[in-house]
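# Residue-level structure breakdown
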Amino acid sequence: MTSLQEFRCEVCGTVTSNPAHWFVIQCGDWELTVLKWNAEAANAPEARHYCGEAHAQVYISRWFGSVCSPSKPDFTRASSAQ
Ligand SMILES: [Zn+2]
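Residues numbered from 1 in each chain as written. Predicted model: local features only at pLDDT ≥ 70, side-chain atom pairs only at ≥ 80, totals over all residues.

Here Glu-46 lies in the loop between helix 1 (39–42) and strand 5 (47–50). C-beta crowding within 10 Å serves as the criterion here: with 9 such atoms nearby, Glu-46 is assigned to the exposed category. A sequence separation of 18 residues divides Glu-46 from Gly-28, and the C-alpha atoms of the two residues are 7.8 Å apart. With near-sequence residues (within four places) excluded, Glu-46 lies in contact with Gln-26, Cys-27 and Gly-28. (Helix = DSSP H or I, 4+ residues; strand = E, 2+ residues; numbered from the N terminus. Buried ≥ 20, exposed ≤ 12 C-beta atoms within 10 Å, placed from the backbone. Contact = placed C-beta atoms within 7 Å.)

Laid out in structure tokens, this is it:
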């Protein structure tokens, strides 16, 4: 039995068991939510973890580029070509 959890930054791969200054991003089909680190948010199924502001911003920037959800249906483009 262990209460120690490790989290991995999705951008740089840093692993920590003490994510005091990390951020949680929850990304849904319609919204992206940035949260200060808390255990409940971090353990949510869709939660993503980032070691700091800079790497959270990397993900946000990608999300603006619509890479959050690969299966997201098209709204304005008929082409399915990548
Ligand atoms: Zn990082």
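What follows concerns the environment of His-55. When you line up the elements, His-55 lands in helix 2 (residues 53–64). Given 19 C-beta atoms within 10 Å, His-55 falls into the partly exposed group. Along the backbone, His-55 and Cys-12 are 43 residues apart, and their C-alpha atoms lie at a distance of 7.7 Å. Not counting chain neighbours up to four residues away, the residues in contact with His-55 comprise Cys-9, Val-11, Cys-12 and Tyr-50.

Here the focus is the nonpolar core. Inside soluble globular proteins, nonpolar side chains tend to come together where they are buried. Counting 10 residues, the largest nonpolar core is built from Phe-7, Cys-9, Trp-22, Phe-23, Val-24, Ile-25, Tyr-50, Cys-51, Ala-56 and Tyr-59. Those elements that place two or more of their residues in this core are strand 3 (23–27) and helix 2. At three residues, the largest contribution of residues to this core is made by strand 3. Apart from the residues lying within four places of it in its own chain, the contact partners of Phe-23 are Val-34, Leu-35, Lys-36, Trp-37, Tyr-50, Glu-53 and Ala-56. (Core = buried A, V, L, I, M, F, W, Y, C linked by C-beta atoms within 7 Å.)

On to the sheet that holds strand 5. Taken together, the three strands give an open sheet; going across it, the order is 4-3-5, and neighbouring strands pair in antiparallel fashion. With partners counted over all chains shown, the strands left at the sheet margins are strand 4 (32–36) and strand 5, one partner each. Ignoring which end each strand starts from, the neighbouring axes of this sheet average 25° apart. By the bridge criterion, four bridges tie strand 3 to strand 5 in an arrangement that is antiparallel. Opposite Ile-25, over in strand 5, you have Arg-48 as the bridge partner. Against the sheet, helix 2 contacts strand 3, strand 4 and strand 5, and its axis sits at roughly 15° relative to strand 3. (Pairing = 2+ DSSP bridges. Axes fitted to C-alpha atoms, helices over the stretch in contact; angles between N-to-C directions.)

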